[in-house]
Every structure is written in C-alpha cells, then in structure tokens.
Amino acid sequence: MAAAALATLLLLGYLTSLSMRITRESGLVDTEQTWQCDGLGVRFTVPEGYSPVREETEPETDSTWTRHFMFVSDGRWEFSIEGIEQALSPEVESVADITDYCMNRDSSYYDGGILVPTRLVEVGGREMLYSAGYRTEYPDDLFTLHDLKQKRSLLTVGIVFPKSEYGKEETVRRVEELLGRIELTAPEPRADSPASGR
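In what follows, the accompanying structure is described. (Residues numbered from 1 in each chain as written. Predicted model: local features only at pLDDT ≥ 70, side-chain atom pairs only at ≥ 80, totals over all residues. Heavy atoms only, no water.)

1. Some points on the pattern of salt bridges
What counts is decided by this rule: For this analysis, a salt bridge means a side-chain nitrogen from Lys or Arg found within 4 Å of a carboxyl oxygen belonging to Asp or Glu. Secondary structure is summarised from DSSP: a helix means a run of H or I of at least four residues, a strand means a run of E of at least two, and numbering begins at the N terminus for each. Here's how the labels work: a residue is buried when its accessible area is under 20% of the maximum for its type, exposed when over 50%, partly exposed in between, all with a 1.4 Å probe on protein chains only.
Using the criterion set out here, one finds eleven salt bridges in the structure. A salt bridge links R181 to E32; the shortest N-O distance between them is 3.3 Å. Of this pair, R181 sits in the loop between α3 (169–180) and β10 (182–184) while E32 sits in the loop between α1 (3–10) and β1 (33–37); the two residues are 149 residues apart in sequence, bridging distant segments of the chain. Note that R181 is salt-bridged to E177, the shortest N-O span being 2.5 Å. Exposure remark for E177: the relative accessible area of 36% places this residue in the partly exposed category. Sharing partners across several salt bridges, the network here consists of E56, E58, R67 and E82.

2. Quick look at the sheet that holds strand β2 (residues 42–46)
Using the following cut-off: Should DSSP find at least two bridges between two strands, the strands are regarded as paired. Here, axes are lines fitted to C-alpha atoms. For helices the fit covers the stretch in contact, and angles between N-to-C directions go from 0 to 180 degrees.
Here we have three strands laid out as an open sheet, ordered β1-β2-β10, and antiparallel in their pairing. Two strands lie at the open edges of the sheet, namely β1 and β10, each paired on one side alone. Adjacent strand axes in the sheet meet at a mean angle of 15 degrees when their direction is disregarded. Here β1 pairs with β2 via five bridges, running antiparallel. When the sheet's bridge partners are listed, T34 is paired in β2 with T45.

3. Quick word on α3
Put simply, the rule reads: Multiply 1.5 Å by the residue count of a helix minus one, and that product is the helix's expected span. Directions drawn from the helix axis to the C-beta atoms are what define this arc.
A rise of 1.5 Å per residue sets the reference length of α3, with its twelve residues, at 16 Å; its end C-alpha atoms lie 16 Å apart and thus fit the reference within 8%. Among the residues of α3, those classed as buried are T171, V175, L178 and L179. With its buried residues spanning 100 degrees around the axis, α3 presents them on a single face. The outward face of α3, more than 90 degrees from its buried face, is lined by the exposed residues E169, R173 and G180.

4. Describing unusual backbone geometry
Of note, the phi angle at Q86 is positive, near 55 degrees, even though the residue is not glycine. With respect to the helices and strands, the residue Q86 is situated in the loop between β5 (78–84) and α2 (99–109). Judged by its relative accessible area of 26%, Q86 falls in the partly exposed class. Here K151, not a glycine, exhibits a phi torsion of approximately 55 degrees, which is positive. Residue position: K151 is located in the loop between β8 (141–150) and β9 (153–162).

5. Considerations on the side chain of S153
We apply this condition: Polar contacts here mean pairs of N or O atoms no more than 3.5 Å apart (in protein, one a potential hydrogen donor and the other a potential acceptor; neighbouring residues in sequence count only if both atoms are side-chain atoms). Contacts: residue pairs with any heavy atoms within 4.5 Å of one another.
Looking at the element boundaries, S153 is found in strand β9. Taking relative accessible area as the criterion, S153 reaches 2% and is therefore assigned buried. A polar contact of 3.1 Å, which involves the side chain of S153, links it to the backbone nitrogen of Q86. Beyond its immediate chain neighbours, meaning those up to four positions away, S153 contacts L40, I84, E85, Q86, A87, L88 and L148.

6. A short note on the sheet that holds strand β7 (residues 126–134)
Taken together, seven strands build an open sheet; the order of strands is β3-β4-β5-β9-β8-β7-β6 and the sheet is antiparallel. Each having just a single partner strand, β3 (54–58) and β6 (113–123) make up the two edges of the open sheet. Within this sheet the neighbouring strands show an average axis-to-axis angle of 15 degrees, counted without direction. In this sheet, β8 lies alongside β7 in antiparallel orientation, the contact comprising five bridges. Looking at β8, one finds that G133 is bridged to F143. Contacting β5, β6, β7, β8 and β9, α3 runs over the sheet at an angle of about 150 degrees to β9.

Put into structure tokens, the structure is as follows:
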C-alpha cells in the first residue's frame, strides 16, 4: 500500500463506536425496515424481527470526515454499519489495500483475543475483509467485522452473536443473508468540503 494511503487511514480514530453496546430492546419490528445513506451510497434492508433502526451522523469538520452509524438488534444478534465518507486515499484501489490498517485496528478492538485474523473473503460476489474475535467486557459474544470499500468511503459492518453459535451452518447462512442485504448505490454528489484536500 502506498505510504500516503496508509498515513491517511492511520489518522482515523473512529472505530471506538464499534465497542458501543446499545441496550437491547424488547420491542421488535414485525416488518422489514430500510436504512439508506445517500452520502455513502449504501442501503440496507433490515429483516423483520429486529429493533427499530438507531442511527447517528457526525458531520465533517476540518479534522474529521463525515461519519454515519446504524444499529439494530433482535435481542441476541446485533448488526451495525459504520461508514466514513471519503476517508480512503485515491491510492487505495481495493479493500485488500487496507489489510494492514484493519489488522492494526483489530489488535486493539478484540481485546479478549482474535479468533479469525483479518483476511480477504468474497461474499455474494463482493470482496471484503473479515475478522472475528472477543471483547473482555462481553465474554459470551463473538464480534465480527466486515470491511468494504465503497468508492472512497470505508464501510465497516459489525455482526455480534452468541459465541456458542459460531461455526454452525445456520450461523454462516444468516451472516451471508445479512451481508447480502447491503446494496451499494451511487453516492450523492457533494461539493468541496473542509476535508477535500486531505
């Protein structure tokens, strides 16, 4: 990876939000929901039986990129998407180019141990980086991250489920089904911004 691309990525300190656990709600939605972020060019159709979508956006500043975050839970499984607009250097041609960055991030994120080190996978014909591990605060759960490149934006999908379900065929199918509900669209055109020169 080009030095400039790596430097750009290492400036990102946004993944602290992935350690956030939102209180699980008892009220679940009995129909599908759609979360769409035009700035990222991504749409996700939430299956029925999940909590109402929670989302937040942090606007861009002179030193940070625009950050979008969404989260749902069915009481056992949690699903989130975090996207950082225009965070990737133009020199990052594929998601594989940020492998070193993700491995560095994962060494801190999985403070309870890494089960699956960052590796390139293909799900539904789409390349992404995948890793899995544990967090000491939640010993009964397995945390997984899937990183995707969307133009110059970085999408990080977090899927958390009971560690007792790891390795089961139905778990693999469910993860693939959730990832398959992510649609990448054309990002909304945007004017020059404070970060455009970074």
